[in-house]
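Structural overview
Residue-level listing of the chains:
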Amino acid sequence: MKISVAKERRPDERRVACSPDTAKRLVGQGHEVVVEAGAGAGAAFPDQAYEAAGARIAADAAAALGAGDIVLKVQRPLRAGEGAFDELALIRRGAVLVGLLQPLQRREDVEAYAKAGIAAFAMELVPRITRAQTMDVLSSQANLAGYKAVLDAADEFGRAMPMMMTAAGTIPPARVLVMGAGVAGLQAIATARRLGAVVSATDVRYAAKEQVESLGASFLAVDLEAMKAMETAGGYAKEMSEDFARRQREHVTEALKKIDIVICTALIPGRKAPVLITRDMVAALRPGSVIVDLAVEQGGNVEGSEFGKTVQSANGVTIIGHANVPSRIAVDASNLYARNLLAFVALLIDKDKTLRIDTADEIVKATLLTRDGAIVHPQLAPAPAAGA
C-alpha cells in the first residue's frame, strides 16, 4: 500500500499525522510511505528523519496526496475556497482518507468526500471499547490538552501554585477547580496537584467522583443521586436538566469565591459545548483569577471566552481561549496521534497487504463515513423517502 502524509495547512495546526517512528513501522510492514516536504516541521520532525525511517519525501502536496492509497491527515482536507488550493481535489478517487474530519459538524464536507469517491474515516468516532483504546485519538489528544491547560493557566496566574514557606512569610497554595472530569479534566487535576495546588473538581457523571478523589482532589456535587442517571453507556455525559443545571451553578458559584484557577473541559460529542461559567459566575471570582476554556472551539464553556484569544473580564479575571490546544504541545501530540492512526490503519489492510474495508468490524463500521460515492454512516446517511 502507498500511504501518504501531507502538511497540515489549517490555522493553528502544528501536528502531523505520521511520525518518523510510525513511518518506520509502516515501511517495515512492507508499505510505501510518502511524506510531503516540511510536513513534520511544526512537530520538530525534519524531512531527514522521515528519509532515515525509509519514507520518500514528496516535493509538494500534489505529489504526496496524489500518490496515496491511504491518506493520513490530522484535520480535514481543505476544500475549494478554504485555502491556497483544494487539497481534497488532489486525493485520487478510490483512496482512503483517515483523520479528524468533524463529520457531525461538517456535513457539507462529508458530502464532498462522497462526491469525490473517497472512503473517509473519522477518527473522533472510534468507539470507546477495550479493543479500540490504542486508536482513541480523542483521549490521546485530550490528555495532553488537560496538561497544557494547567501550564497555560499557571503562566498567566500572578502567583505561585504550591504553598511556600519563606523567611518573608508563607505563600498559600493556589486553589484550582476543574470542571469536567473526562480525560482532559483528570489530567488537569493530576497536573495541578503535581504543581502543588489544592484541587477540586465537578462533573455531571457520578462515576467521576471516585476518579477525582483517587487523584487527591475533592468532588463538588449538589445532588449525587441525580448524577447517577447522567452518564451514557459509552461513558459520555448526557445533557443536564434545567433544574439540575441551575442548582449546580448555584453550588459552583459559591465555591468560585475561593478559587484562583478554573479549567473548563466539558464537551458533548456532536453538539455545542454546555455553558458552565456564566458572566455572573465570572464576576464571583477574585481579580487576578484565571479561567481556561478548553471547549472554546465548540462554542465554549465560559460566557465571554473568545476563540484564539486571551481576554480579561470587567472584574480582572483572565479568560484563556487558545485554539487547538493539543497543537501547542505538537511533538507529543503528533507522536500519540500517529500511533493511534498506525493501530487504526492495521484494520484496513489484510494479510496480503491490500486494502480491505470490513464493515463487520465494529470499529470500521463506526468510523466509516463514505464509500463508493455514498454517505454510509447511519448518523449521516440520508433518511429513506416516505413510503419507501
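Residues numbered from 1 in each chain as written. Predicted model: local features only at pLDDT ≥ 70, side-chain atom pairs only at ≥ 80, totals over all residues. Heavy atoms only, no water.

Quick look at helix α6 (residues 183-194)
- Under the 1.5 Å per step criterion, the end-to-end length of α6 is 17 Å for twelve residues, consistent within 8% with the ideal 16 Å.
- By the burial criterion, the buried members of α6 are Ala184, Gly185, Leu186, Gln187, Ala188, Ile189, Ala190, Thr191 and Ala192.
- Lining the buried residues of α6 we find α5 (137-156), β9 (175-179), β10 (198-202), α7 (207-214) and β12 (261-264).
- Remark: glycine 196 follows α6 within two positions and exhibits a positive phi of approximately 95°. (Helix = DSSP H or I, 4+ residues; strand = E, 2+ residues; numbered from the N terminus. Expected span 1.5 Å × (residues − 1). Buried < 20%, exposed > 50% of the residue type's maximum accessible area, 1.4 Å probe, protein only. Contact = heavy atoms within 4.5 Å.)

Focus: the sheet that holds strand β13 (residues 290-293)
- With mixed pairing, seven strands are arranged side by side in an open sheet as β11-β10-β9-β12-β13-β15-β14. Two strands close off the open sheet at either side, each with one partner strand: β11 (218-219) and β14 (309-312).
- The pairing of β9 with β12 spans four bridges and is parallel. Directly across from valine 178, in β12, lies its bridge partner isoleucine 263. (Pairing = 2+ DSSP bridges.)

Brief notes about the packing of aromatic side chains
- Here the structure, examined in full by the defined rule, presents two aromatic pairs.
- With 5.5 Å between their ring centres and 65° between their planes, phenylalanine 121 and phenylalanine 344 make a pair best called edge-to-face. Here phenylalanine 121 is found in strand β6 (residues 119-122), whereas its partner phenylalanine 344 is found in helix α11 (residues 330-345), with 223 residues between them in sequence.
- Classification of phenylalanine 121 by relative accessible area gives buried; the value is 0%. (Phe/Tyr/Trp six-rings, centres within 6.5 Å; stacked < 30°, edge-to-face > 60°.)

Examining unusual backbone geometry
- Within the chain, asparagine 324 stands out as a residue other than glycine whose phi angle is a positive 50°.
- With respect to the helices and strands, the residue asparagine 324 is situated in the loop between β15 (318-321) and α11.
- In this structure asparagine 324 comes out as buried when scored by relative accessible area, which is 5%.
- In this structure, lysine 353 takes a positive phi of about 65° despite not being glycine.
- Locating lysine 353 in the fold gives a position in the loop between α11 and α12 (362-367).

Let's talk about empty space enclosed by the protein
- The tally for this structure, following the rule as stated, stands at one cavity of 30 Å³ or more.
- A volume near 30 Å³ is recorded for the largest cavity.
- Around the largest cavity, the lining residues are Ala17, Cys18, Thr22, Leu26, Leu72, Ala338, Leu341, Leu342 and Val345.
- Those elements that place two or more of their residues in the lining of the largest cavity are α1 (20-28) and α11.
- Class assignment for the residues of the lining of the largest cavity results in eight nonpolar, one polar and no charged. (1 Å grid on protein atoms, 1.4 Å probe; cavity = no way out; pocket = protein on both sides within 12 Å on 5 of 7 lines; lining within 4 Å. Points joined across faces, edges and corners; volume = space filled by probe spheres on them. Nonpolar A, V, L, I, M, F, W, Y, C, P; charged D, E, K, R; others polar.)

Description of the pairing of strand β16 (residues 368-371)
- Relative to β16, β6 is paired through two bridges, and the arrangement is antiparallel. Within the sheet, the bridge partner assigned to phenylalanine 121 lies in β16 and is leucine 368.
- Pairing of β16 with strand β17 (residues 374-375) involves two bridges; the strand directions are antiparallel. Bridging across to β17, threonine 370 finds its partner in isoleucine 375.
- Counted along the chain from β16 to the antiparallel partner β17, the turn is two residues long, and its residue aspartate 372 has a positive phi close to 55°.

Let's talk about the pattern of salt bridges
- Taken as a whole, this structure holds 24 salt bridges when the rule is applied.
- A salt bridge links aspartate 21 to arginine 25; its shortest N-O distance comes to 3.2 Å. With aspartate 21 and arginine 25 both in helix α1 and four residues apart, this pair spans about one turn of that helix.
- Judged by relative accessible area, which is 32%, aspartate 21 ranks as partly exposed.
- Classification of arginine 25 by relative accessible area gives partly exposed; the value is 42%.
- Between glutamate 82 and arginine 76 there is a salt bridge, and its shortest N-O distance comes to 3.9 Å.
- On the basis of relative accessible area, glutamate 82 is assigned to the partly exposed category, the value being 35%.
- Connected through shared salt-bridge partners, Glu8, Arg9, Glu36, Lys73 and Glu87 make up one network. (Salt bridge = Lys/Arg side-chain N within 4 Å of Asp/Glu carboxyl O.)

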